[in-house]
Amino acid sequence: MAGAAARGPLPCLLLLPLPCLLLLLPPAASAEPELRFRPPAEAPVRLFTEPELARYDGHEEGQPIYLAVKGVVFDVTSGKEFYGKGAPYNALAGKDSTRGVAKMSLDPADLTHDTTGLTEEELKSLDDIFNNVYKAKYPIVGYTSRRILNEDGSPNLDFKPEDQPHFSIKDEF
């Protein structure tokens, strides 16, 4: 009987090439647990009301600095020397400053979302700055409620997210 045990599966396994033996081993425990879902690489975008956006005006140390242009909210914290407290363009931070960007104005009357009465040249300037400065340099963190909602609070059916393929308006309500 002892001889029969010696002729069991173990001696046969020794005849297999090493790579085949490795396939028979149980998988090694990973140092990191396997995730069933992968978190997004970037923080999801969100909806900002005017008072919420105003909290990110660069005056509070350690807080991100946000500004909106055309209803798109950008994180301009990396440009703190331009948009932070006491910086030259701080007046644009914490609000939708579309008109001011179009007119290249820091006049408080121009620091609004309203584009009524802008010239063709100012509208072209707005689009150029929006695309070649803000969208090119700063991450989008959300949208103003005014861009997503109509005056009566109903969803704006013409809303199109800017470079946010995973953004869904229904996630905001």
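Up top is the structure.
Since the model is a prediction, treat every value here as computed from it, not as a measurement.

What counts and how
Residues numbered from 1 in each chain as written. Predicted model: local features only at pLDDT ≥ 70, side-chain atom pairs only at ≥ 80, totals over all residues. Heavy atoms only, no water. Pairing = 2+ DSSP bridges. Helix = DSSP H or I, 4+ residues; strand = E, 2+ residues; numbered from the N terminus. Axes fitted to C-alpha atoms, helices over the stretch in contact; angles between N-to-C directions. Buried < 20%, exposed > 50% of the residue type's maximum accessible area, 1.4 Å probe, protein only. Expected span 1.5 Å × (residues − 1). Bend = angle between axes of the 7 residues up to and from the residue. Contact = heavy atoms within 4.5 Å. Salt bridge = Lys/Arg side-chain N within 4 Å of Asp/Glu carboxyl O. Patch = residues over 30% accessible without salt bridge, like charges linked within 9 Å, V, L, I, M, F, W, Y side chains within 5 Å. Areas by Shrake-Rupley, 256 points an atom, 1.4 Å probe, with all protein chains shown as cover. Phe/Tyr/Trp six-rings, centres within 6.5 Å; stacked < 30°, edge-to-face > 60°. Lys NZ or Arg CZ within 6 Å of the ring centre and 35° of its normal.

Undergrad: Go over the sheet that holds strand 4 (residues 140–144), please, and point to the residues and values.
TA: Either a parallel or an antiparallel arrangement is found when strands of a sheet pair, and the pairing is made through backbone hydrogen bonds. Across the sheet, 4 strands lie side by side as 1-4-3-2; this open sheet has mixed pairing. In this open sheet, the two edge strands, each paired with only one partner strand, are strand 1 (46–48) and strand 2 (66–69). Adjacent strand axes in the sheet meet at a mean angle of 35° when their direction is disregarded. Relative to strand 4, strand 1 runs parallel, the two sharing 3 bridges. For arginine 46, the partnering residue across the bridge sits in strand 4 and is glycine 142.

Undergrad: How would you sum up unusual backbone geometry? Please name residues and give values.
TA: Positive phi, close to 55°, is recorded for lysine 70, a residue that is not glycine. With respect to the helices and strands, lysine 70 occurs in the loop between strand 2 and strand 3 (72–75). Judged by its relative accessible area of 29%, lysine 70 falls in the partly exposed class. Positioned with a positive phi, methionine 104 is a non-glycine residue whose angle comes to about 55°. Relative to the assigned elements, methionine 104 resides in the loop between helix 6 (98–103) and helix 7 (120–137).

Undergrad: Go over helix 7, please, and point to the residues and values.
TA: Helix length check: helix 7 (18 residues) gives 25 Å between terminal C-alpha atoms against 26 Å at 1.5 Å per residue, within 8%. Along its length, helix 7 shows its largest kink, about 35°, at phenylalanine 130. When helix 7 is considered as a whole, its buried residues turn out to be Glu122, Ser125, Leu126, Ile129, Phe130 and Tyr134. Here the buried face of helix 7 lies against strand 2, strand 3, helix 5 (80–83) and helix 6.

Undergrad: I'd like a rundown of the pattern of salt bridges, residues and numbers included.
TA: Inspection of every chain in the model, using the stated rule, returns 7 salt bridges. As a salt-bridge pair, lysine 80 and glutamate 61 come within 3.0 Å of each other at their nearest N and O atoms. Of this pair, lysine 80 sits in helix 5 while glutamate 61 sits in the loop between helix 4 (50–54) and strand 2; the two residues are 19 residues apart in sequence, bridging distant segments of the chain. The partner of arginine 99 in a salt bridge is aspartate 110, with the nearest N and O atoms 3.6 Å apart. Note that arginine 99 is positioned in helix 6 and aspartate 110 in the loop between helix 6 and helix 7, a separation of 11 residues in sequence. Judged by its relative accessible area of 14%, arginine 99 falls in the buried class. One salt-bridge network, in which partners are shared between bridges, spans Arg99, Lys103 and Asp110.

Undergrad: I'd like to hear about a nonpolar patch on the surface, residue by residue, with values.
TA: The grouping of Phe82, Tyr89 and Leu106 at the surface amounts to a nonpolar patch, some 260 Å² of accessible area in total. Judged by its relative accessible area of 39%, tyrosine 89 is partly exposed.

Undergrad: Got a sec to walk through the packing of aromatic side chains? Specific residues and values, please.
TA: Within the structure shown, the criterion is met by 10 aromatic pairs. A ring pair is formed by phenylalanine 48 and tyrosine 56, whose centres lie 6.1 Å apart and whose planes are at 90°; its orientation type is edge-to-face. Classification of phenylalanine 48 by relative accessible area gives buried; the value is 1%. Of the residues examined, tyrosine 56 reaches a relative accessible area of 11% and is grouped as buried. Here the aromatic rings of tyrosine 83 and tyrosine 138 are separated by 6.1 Å at their centres, their planes lie at 85°, and the arrangement is edge-to-face. Taken together, the residues tyrosine 83 in helix 5 and tyrosine 138 in the loop between helix 7 and strand 4 connect sequence positions 55 residues apart. An aromatic cluster is built from Phe74, Phe82, Tyr83, Tyr89, Phe130, Tyr134 and Tyr138, whose rings are joined through pairwise contacts. If you follow lysine 70 out to its NZ or CZ, it ends over the ring of phenylalanine 130, 4.5 Å from the centre.

Shape descriptors only; they carry no functional weight alone.
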